[in-house]
Amino acid sequence: MEISGHTQLLCLIGSPVGHSGSPAMYNYSFDRLGLDYAYLAFDVKEEETADAFQALRLFGAKGFNITMPCKTAALRCCDELSTAARLIGAVNTVVNEGGRLIGHNTDGLGWVRGCRASGFDISGKKMMIAGSGGAATAIAITAALEGLGELAIFAQRDHFFANAEATVEKIRGHVPGCKVSLYDLADKERFYAEISNSDIFTNATRVGMKPMDEMSLIEDKSAFRKDLVVSDVVYNPRTTKLLADAQAAGCRNVPGISMLLWQGVEAFRLYTGLDMPVEEVREKYFSE
Ligand code: NAD
């Protein structure tokens, strides 16, 4: 596609953004679908978030993605928020609807769609999730909104623990059909008891990524029943120790890279109303 005076702008804001695969993925998809859009990446610091919103509003950008550290500051800059973005407390996708900037969060939906693509439907199921940071909050809240039956959250007692307590309150208040409980990650007896009756275990902590790439939260490998689905948000490395152990035990896996791909697919749909050529994009940008 050639850029013309009519080409519409989309972009990523955050810092750093130089390593991001988003411009390649979106521009390839725009080209494949013959859409007259161009996607760039702008380095924006957290305290510059409001200015970036104002600039993109002025330029009539069609939409933009937001990465760290601007996802929380972006909440206050939107004219309207989706239910998921409001409850998660973070925005990763903004759509310009006739001058109104609508904030969404597709991280959790990306995880749900990644599960579905791996053949696992969360409806009515029980999930055990470890973690209470950004990724964990997005997954826990979106999974509850999307029909999860029961959720057991295990969180380390660090400064993220209050997030988990807030998530429990939000789910109880807004999605009473999803039963939710919170435990200390250090309680190993409860950890293994809960995993034994869960349908899916999700690691949403930093354990598994460098410098913790030799570690997995599931140390007792007898916990890997064949009918347990194991998901990891960590995507670097692609196959974490948790996923390698789960694979060796014959469990179905949902890798972190799948959440990354599908959150982009969801954002693309919000921007364009169309499906990204997902298999081509996976092959081109998401295979090892
Ligand atoms: P965060 O800093 O917001 O939260 C980190 C979480 O890890 C906290 O709950 C913290 O308590 C926990 N944690 C850290 N060290 C721990 C340890 N030693 N034992 C137990 N828990 C520990 O981070 P985040 O943004 O939620 O990201 C977490 C991971 O998810 C990162 O690896 C990130 O790259 C990945 N991520 C992946 C996607 C994706 O699309 N796949 C999206 C967002 C984040």
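See above for the structure.
Residues numbered from 1 in each chain as written. Predicted model: local features only at pLDDT ≥ 70, side-chain atom pairs only at ≥ 80, totals over all residues. Heavy atoms only, no water.

*Asks:* Just checking my understanding: could you explain the site of the ligand for this structure?
*Replies:* In the region of the ligand, 20 residues are neighbours, and Ser132, Ala135, Asp158, Met209 and Gly256 sit closest. Here Ala135 contributes a backbone N or O atom positioned 2.8 Å from an oxygen atom of the ligand. For the ligand, an oxygen atom lies 3.3 Å from a polar atom in the backbone of Leu260. Burial of the ligand by the protein amounts to 82% of the accessible area it has alone, namely 850 Å². Counting residues per element, the ones that place at least two in the shell around the ligand are α5 (134-145) and α9 (256-272). Looking at the shell around the ligand element by element, the count peaks at 3 residues for α9. Considering only residue class, the shell around the ligand consists of 11 nonpolar, 7 polar and 2 charged. (Near = heavy atom within 4 Å. Polar contact = N/O pair within 3.5 Å; in protein donor to acceptor, adjacent residues only side chain to side chain. Areas by Shrake-Rupley, 256 points an atom, 1.4 Å probe, with all protein chains shown as cover. Helix = DSSP H or I, 4+ residues; strand = E, 2+ residues; numbered from the N terminus. Nonpolar A, V, L, I, M, F, W, Y, C, P; charged D, E, K, R; others polar.)

*Asks:* How do you make sense of the packing of helix α1 (residues 22-33) against helix α10 (residues 278-286) when you look at a structure like this?
*Replies:* Between α1 and α10, whose axes approach to 11 Å, the crossing angle comes to 145°. In the packing of α1 onto α10, the handedness of the crossing is right-handed. Of α10, the residues touching α1 (which contributes Ala24, Met25, Tyr28, Ser29 and Arg32) are Glu280, Val281, Lys284, Tyr285 and Phe286. (Axes fitted to C-alpha atoms, helices over the stretch in contact; angles between N-to-C directions. Left-handed = near helix turned anticlockwise from the far one by under 90°. Contact = heavy atoms within 4.5 Å.)

*Asks:* Could you clarify how one ought to interpret the pairing of strand β11 (residues 229-232) in this entry?
*Replies:* Walk down a regular strand and you will see the side chains alternate between the two sheet faces. Because side chains alternate across β11, one face comprises the buried residues Val229 and Ser231, and the other comprises Val230 and Asp232, equally buried. In this structure, strand β10 (residues 200-203) lies alongside β11, joined through 4 bridges in parallel fashion. What sits directly across from Ile200, in β11, is Val229. Between the parallel elements β11 and strand β12 (residues 253-254), the chain passes through helix α8 (residues 241-248) in a crossover that is right-handed. (Buried < 20%, exposed > 50% of the residue type's maximum accessible area, 1.4 Å probe, protein only. Pairing = 2+ DSSP bridges. Right-handed = clockwise from strand over helix to strand, strands pointing away.)

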